Amino acid sequence: MEEKPLVNSEGYSREDWQRHYETGDLRWDIGEASPPFVRLWDERKLQPGNAVIPGCGRGHEAVFFAERGFNVTAVDIAPGAALCLRQALKEKRLPVNVVLGDFFEIGPAHDNRYDVMFEQTFFCAIAPSHRDRYVETAFRILKPRGVLAALFYETGEPGGPPFNTSREDVLRHFPIRFDIERLEKTPHSVERRKGKEWLGILRRK
Ligand SMILES: C[S@@+](CC[C@H](N)C(=O)[O-])C[C@H]1O[C@@H](n2cnc3c(N)ncnc32)[C@H](O)[C@@H]1O
């Protein structure tokens, strides 16, 4: 998915994602919690609390933040992703709730529940037509003044997934529900994403 985007303006179905897990083609997976998030933690920019991670994949961020005192809810639509994360959690006694399902359909029990949401190659994974739904869902489940800590992926490529996410895209969709406290290209990306990731700190209104 990462190096060669598919030209598919409708985005992926659940089955498309699951196929990637069945064939082991996880080309987006960097094998560790994303370094800009690790940096935010090291710089004490984040307080432990209830965290949600949509499109968590194998869950590197879920494990990283649970190990640092967050209560994590990790959501993914692909059974293969949930299975990988549950296996990774088997040996560890960590507060991670793995939810298999569609982030946009997450139930009312999650409303106003989270202090922070971590965005890592999920916004770029969904069809651009779902971006307003993403914003509304994030708004619904975050507490007032909760934080969306995001890495938005500017691929500079047509089609997707991953679908290009520019600064203008962030400014087009989020301000209705979020105050944008920080939005800058991060110098701490993994090598293959250097210069392509916008680190955003967005506060729910
Ligand atoms: C590009 S992968 C990123 C995975 C992970 N965040 C990472 O960076 O390794 C996108 C993930 O989003 C999941 N996904 C796609 N649409 C979803 C939806 N509507 N609800 C929940 N998860 C979804 C896919 O199954 C996939 O695991």
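Scroll up a little and you will see the structure.
Residues numbered from 1 in each chain as written. Predicted model: local features only at pLDDT ≥ 70, side-chain atom pairs only at ≥ 80, totals over all residues. Heavy atoms only, no water.

1. Description of the pairing of strand β4 (residues 114–120)
No. 1: Most of β4 is tucked away, with six of its seven residues classed as buried.
No. 2: Here strand β1 (residues 50–54) pairs with β4 via two bridges, running parallel. Counterpart to alanine 51 in the pairing with β4 is valine 116.
No. 3: Two strands pair when backbone bridges link them, and β4 and strand β5 (residues 142–153) are joined in this way by six bridges, in the parallel orientation. Along β5, the bridge assignment pairs glutamine 120 with leucine 151. (Buried < 20%, exposed > 50% of the residue type's maximum accessible area, 1.4 Å probe, protein only. Helix = DSSP H or I, 4+ residues; strand = E, 2+ residues; numbered from the N terminus. Pairing = 2+ DSSP bridges.)

2. A short note on the nonpolar core
No. 1: One finds Phe65, Phe70, Val72, Leu85, Val96, Phe118 and Ala149 to be the most contacted residues of the largest nonpolar core, which totals 27 residues.
No. 2: If you tally residues by element for this core, the top one is helix α3 (residues 60–67), at five residues.
No. 3: Ranked by size, the runner-up nonpolar core spans 24 residues in total, among them Phe104, Ile106, Leu142 and Phe152. (Core = buried A, V, L, I, M, F, W, Y, C linked by side-chain atoms within 4.5 Å.)

3. Points about the sheet that holds β5
No. 1: Ordered in space as β3-β2-β1-β4-β5-β7-β6, the seven strands form an open sheet in which the pairing is mixed. Edge positions in the sheet fall to β3 (96–100) and β6 (178–185), since each of these pairs with one other strand and no more. For this sheet, the mean angle separating the axes of adjacent strands, direction not counted, is 15°.
No. 2: Two elements, strand β2 (residues 71–76) and β3, share five bridges in a ladder whose sense is parallel. Each bridged residue has a counterpart across the sheet, and for aspartate 76 the counterpart in β3 is leucine 100. (Axes fitted to C-alpha atoms, helices over the stretch in contact; angles between N-to-C directions.)

4. Focus: the site of the ligand
No. 1: Around the ligand, the structure places 18 residues, and the nearest of them are Tyr21, Gly55, Asp76, Gln120 and Thr121.
No. 2: Note that a nitrogen atom of the ligand is positioned 2.7 Å from one of the backbone N or O atoms of glycine 55.
No. 3: Backbone polar atom of glutamine 120 to a nitrogen atom of the ligand: 2.8 Å apart, as the coordinates give it.
No. 4: Relative to its unbound accessible area of 600 Å², the ligand is 96% covered by the protein chains.
No. 5: A class-by-class count of the residues in the shell around the ligand yields eleven nonpolar, five polar and two charged. (Near = heavy atom within 4 Å. Polar contact = N/O pair within 3.5 Å; in protein donor to acceptor, adjacent residues only side chain to side chain. Areas by Shrake-Rupley, 256 points an atom, 1.4 Å probe, with all protein chains shown as cover. Nonpolar A, V, L, I, M, F, W, Y, C, P; charged D, E, K, R; others polar.)

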